[in-house]
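Each chain, letter by letter, is given below.
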Amino acid sequence: IVSVSNPRVFIPAILIITFADSLAGLVGTLLKSKIRTWAGSITFFLVALGILIGYGDSLTYPWQGMYFFAPAIALGLTVLERKTPLGFDNLTVPVIAALFLLNF
């Protein structure tokens, strides 16, 4: 609903929650932590950034614009993921990612 049936918004939002969140959780598990760690947040940011840059050429903005917008979006999503209570980030991250992608 949020992505307005736009696959150029929906796909990166889902890829970010799928891969960035999963790998961040895996890093936390490998560090034997029961809470979110800075290493997990850094992992989330880097994976989200990679997805946004890698998918950037098919977004609505020119490729050059994604070099500015991708880090800003990835940082915003990382902060959101870190501040959202456990479990709810699976809802908030893709919705906010879609809103960011629609508005940037």
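Residues numbered from 1 in each chain as written. Predicted model: local features only at pLDDT ≥ 70, side-chain atom pairs only at ≥ 80, totals over all residues. Heavy atoms only, no water.

**Q** Help me get a handle on a nonpolar patch on the surface, residues and values and all.
**A** Taken together, the side chains of Phe19, Leu23, Leu26 and Leu30 present a nonpolar region at the surface, about 390 Å² in accessible area. In this structure, Leu26 sits in helix α1 (residues 7-30). (Patch = residues over 30% accessible without salt bridge, like charges linked within 9 Å, V, L, I, M, F, W, Y side chains within 5 Å. Areas by Shrake-Rupley, 256 points an atom, 1.4 Å probe, with all protein chains shown as cover. Salt bridge = Lys/Arg side-chain N within 4 Å of Asp/Glu carboxyl O. Helix = DSSP H or I, 4+ residues; strand = E, 2+ residues; numbered from the N terminus.)

**Q** Break down the nonpolar core for me, citing the residues and quoting the values.
**A** Core analysis: the largest hydrophobic core is formed by 20 residues, its most contacted members being Ile16, Ala20, Phe44, Ala48, Leu52, Leu77 and Val93. Setting aside chain neighbours within four positions, we find Ile16 in contact with Asp21, Phe44, Ala48, Ile51, Leu52, Leu77 and Val93. (Core = buried A, V, L, I, M, F, W, Y, C linked by side-chain atoms within 4.5 Å. Buried < 20%, exposed > 50% of the residue type's maximum accessible area, 1.4 Å probe, protein only. Contact = heavy atoms within 4.5 Å.)

**Q** Talk me through the layout of surface pockets; I want residue IDs and the actual numbers.
**A** Looking at the largest pocket, its volume works out to about 220 Å³. Every residue lining the largest pocket is counted, 16 residues in all, and those nearest its centre are Ala24, Gly25, Ile35, Arg36 and Glu81. Elements with a minimum of two residues in the lining of the largest pocket: α1, α2 (38-55) and α3 (63-83). Here the lining of the largest pocket gets five residues from one element, more than from any other, and that element is α1. In terms of residue class, the lining of the largest pocket is built from three nonpolar, seven polar and six charged. (1 Å grid on protein atoms, 1.4 Å probe; cavity = no way out; pocket = protein on both sides within 12 Å on 5 of 7 lines; lining within 4 Å. Points joined across faces, edges and corners; volume = space filled by probe spheres on them. Nonpolar A, V, L, I, M, F, W, Y, C, P; charged D, E, K, R; others polar.)

**Q** Please provide a residue-by-residue account of the environment of Leu80, values included.
**A** Within the secondary structure, Leu80 is located in helix α3. By relative accessible area, which is 22% here, Leu80 ends up partly exposed. Through-space distance from the C-alpha of Leu80 to that of Ile96 is 8.6 Å; in sequence the pair is 16 residues apart. Non-local contacts of Leu80, meaning those with residues more than four positions away in its chain, are made with Thr92, Val93 and Ile96.

**Q** Any details on the packing of aromatic side chains? Residues and values, ideally.
**A** Tallied over the entire structure, the rule returns zero aromatic pairs. Lying across the ring of Trp38, Arg82 places its NZ or CZ 4.0 Å from the centre. (Phe/Tyr/Trp six-rings, centres within 6.5 Å; stacked < 30°, edge-to-face > 60°. Lys NZ or Arg CZ within 6 Å of the ring centre and 35° of its normal.)

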